Amino acid sequence: MAETATGPLAGLLVADFSRVLAGPYATMLLADMGAEVIKVEGPAGDDTRTWIPPERNGTSTYYLGINRGKRSIALDLRDEADAEVARELARRADVLIENFKPGGLARYGLDYEAVRAANPGVIYSSITGFGAGKGSHVPGYDLMVQAMSGLMSLTGDPDGPPYRAGISVFDVMAGNHALIGILAALRHRDRSGQGQLVEVNLLSSALTGLVNHSSAYVAGGVVPYRMGNAHPSVFPYEPLPTADDDIIIAAANDRQFRKLCEVLGIPDVADDPRFARNIDRTANREELRPLLLERLALRGAVEWFEELVAVGVPCGPIQTIDGGFAMAERFGLDPVVQAGEGERAMPTTRHPIRFSATPAGYRLPPPDLDEHGTELRKWLSTPQDDQHA
């Protein structure tokens with residue numbers, strides 16, 4: 001295949017044997033950065049193709065949101081001819097990423113040891129739910145991990161039931177961790193010539209992603225609990241009602257709190273010994289809250305937002321997703337780009353990293369199932385002197 005990509009990872013070949021979210025999210029980001037990503041799907045396609053509603057022209061927007069920049073080939077690994085095509089792709093790849101049940105690819109000669117034997121420099125990234133050891137028999141879905149990690153015990157009203165996060169937060173986190181691991185392993189290969197196995201599991205991603213709550217338990221012996229939208233260690237750091245809508249105020253240090261009080265017209269509150277330091281404000285939050293609410297009730301959320309950010313107080317109105325995109329447009333972040341060209345071009349969310357010299361690109365729209373199967377089979381059947389496309 002002719003190399004047409006630009007970006008910091010141009011020339012890198014990625015064999016994507018992953019499905020659903022964590023793996024496809026990681027490989028989409030690799031594709032944005034210039035990698036040639038070959039998405040290997042079963043005959044029925046990635047599960048998310050049918051996760052509808054919502055949809056765009058009959059295709060799930062879930063699938064569309066995490067699969068731009070890739071070429072698709074449909075292979076039935078139970079068929080030996082197709083399995084051989086898959087093994088040839090793995091032999092040529094710089095990176096292979098998969099999220100099958102641990103050991104699930106061994107029967108097809110696509111496990112790490114088999115792929116490494118034919119391709120010693122391969123970076124083989126495996127994403128599981130609970131690792132390849134004693135937890136290997138447990139299916140790995142984000143909602144399960146939100147429950148089992150403790151996240152749901154932290155989410156919701158103090159007296160209400162636990163809630164899941166609004167997105168599959170640990171799938172996204174694990175995808176990012178896989179990406180970080182792959183890039184680090186590539187750096188090691190650049191220096192040593194050696195490939196390696198990069199293992200990521202959702203539960204470990206969750207426990208590190210719980211950050212201060214994990215540390216509260218591991219370092220402090222404290223089991224955190226649900227506090228609604230409040231923060232256990234900082235106040236004010238939560239939604240507060242105004243004359244119309246709630247506004248998030250995150251005055252996380254003494255200087256910000258003093259600025260908040262000045263804008264609200266209660267500068268003396270910042271000097272009150274009950275509220276002078278964060279530790280005091282946190283301990284006396286029930287006494288401080290009504291003083292803030294009394295002033296916030298005088299104006300609406302947008303008006304307070306404009307005044308508070310003007311003096312450096314972190315805050316923001318609570319919006320729906322359309323409002324989030326509108327805010328990004330307002331700030332010049334250009335959050336929507338076009339993937340592909342011509343009739344197939346479609347809007348998609350911009351890559352989150354900006355490079356001054358090697359910008360991300362959006363060459364290809366999310367592929368139809370087996371859209372590139374013919375050309376890929378032809379390419380993989382052509383002898384190669386090396387493993388690169």
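As the structure is a computational prediction, the values presented were derived from the model and not from experiment.

Let's talk about the side chain of serine 60
So, step 1. Checked against the element boundaries, serine 60 lands in strand β4 (residues 59-60).
So, step 2. Within the structure, serine 60 has its side chain in polar contact with the backbone oxygen of tryptophan 51 (distance 2.9 Å).
So, step 3. At 3.0 Å, the side chain of serine 60 and the backbone nitrogen of tyrosine 62 are in polar contact.
So, step 4. Discounting chain neighbours no more than four positions away, the residues touching serine 60 are Thr48, Arg49, Thr50, Trp51, Ile52, Pro54 and Glu55.

Here's the deal with the sheet that holds strand β8 (residues 196-201)
So, step 1. Pairing within the open sheet is parallel, and its six strands lie in the order β5-β2-β1-β6-β7-β8. Both edges of this open sheet fall to β5 (70-74) and β8, since each of them pairs with a single strand only. The average angle at which neighbouring strand axes cross in this sheet is 20°, direction not considered.
So, step 2. Here four bridges tie strand β1 (residues 13-17) to strand β6 (residues 95-98), and the two strands are oriented parallel to one another. Among the inter-strand pairings, valine 14 is bridged to a residue of β6, identified as valine 95.
So, step 3. The strands touched by helix α3 (residues 80-92) within the sheet are β1, β2 (36-41), β5 and β6, with β1 carrying the most contacts at an inclination of about 140°.
So, step 4. Most of the contacts of helix α7 (residues 169-192) go to β8, to which it runs at about 165°, and overall it touches β6, β7 (123-128) and β8.

A word on the sheet that holds strand β11 (residues 315-317)
So, step 1. As summarised here, the arrangement of the three strands in space is β9-β10-β11, forming an open sheet in which the pairing is antiparallel. Each end of this open sheet is capped by a strand with a single partner; those strands are β9 (237-241) and β11. Within the sheet, the average angular offset between the axes of one strand and its neighbour, ignoring direction, is 25°.
So, step 2. With five bridges connecting them, β9 and strand β10 (residues 246-250) associate as antiparallel partners. Counterpart to proline 241 in the pairing with β10 is aspartate 246.
So, step 3. Contacts from helix α12 (residues 285-296) reach β9 and β10 within the one sheet, and its direction differs from that of β9 by about 45°.

Quick look at the pattern of salt bridges
So, step 1. Under the definition given, this model contains 26 salt bridges.
So, step 2. Here lysine 39 ties to aspartate 46 by a salt bridge, and the two come within 2.9 Å at their closest N and O atoms. Each member of the pair, lysine 39 as well as aspartate 46, is classed as buried.
So, step 3. Sharing partners across several salt bridges, the network here consists of Glu36, Arg71, Arg363 and Glu375.

A short note on α12
So, step 1. Helix length check: α12 (twelve residues) gives 16 Å between terminal C-alpha atoms against 16 Å at 1.5 Å per residue, within 8%.
So, step 2. Those residues of α12 that are buried lie in contact with β9, β10, α10 (254-264), α11 (278-283) and α13 (301-310).

Here's the deal with the pairing of β1
So, step 1. Burial within β1 is extensive, with five of its five residues counted as buried.
So, step 2. Pairing of β1 with β2 involves four bridges; the strand directions are parallel. Residue pairing in the sheet places valine 14 in a bridge with valine 37 of β2.

A short note on helix α1 (residues 22-32)
So, step 1. Within α1, eleven of the eleven residues are buried, which leaves the element mostly enclosed by the surrounding structure.
So, step 2. Of the residues making up α1, those classed as buried are Ala22, Gly23, Pro24, Tyr25, Ala26, Thr27, Met28, Leu29, Leu30, Ala31 and Asp32.
So, step 3. Of the surrounding elements, those touching the buried residues of α1 are β1, β2, β5, β6, β7 and α7.
So, step 4. Just downstream of α1 lies glycine 34, where phi reads positive at about 110°.

Cut-offs and rules
- Residues numbered from 1 in each chain as written.
- Predicted model: local features only at pLDDT ≥ 70, side-chain atom pairs only at ≥ 80, totals over all residues.
- Heavy atoms only, no water.
- Helix = DSSP H or I, 4+ residues; strand = E, 2+ residues; numbered from the N terminus.
- Polar contact = N/O pair within 3.5 Å; in protein donor to acceptor, adjacent residues only side chain to side chain.
- Contact = heavy atoms within 4.5 Å.
- Pairing = 2+ DSSP bridges.
- Axes fitted to C-alpha atoms, helices over the stretch in contact; angles between N-to-C directions.
- Salt bridge = Lys/Arg side-chain N within 4 Å of Asp/Glu carboxyl O.
- Buried < 20%, exposed > 50% of the residue type's maximum accessible area, 1.4 Å probe, protein only.
- Expected span 1.5 Å × (residues − 1).

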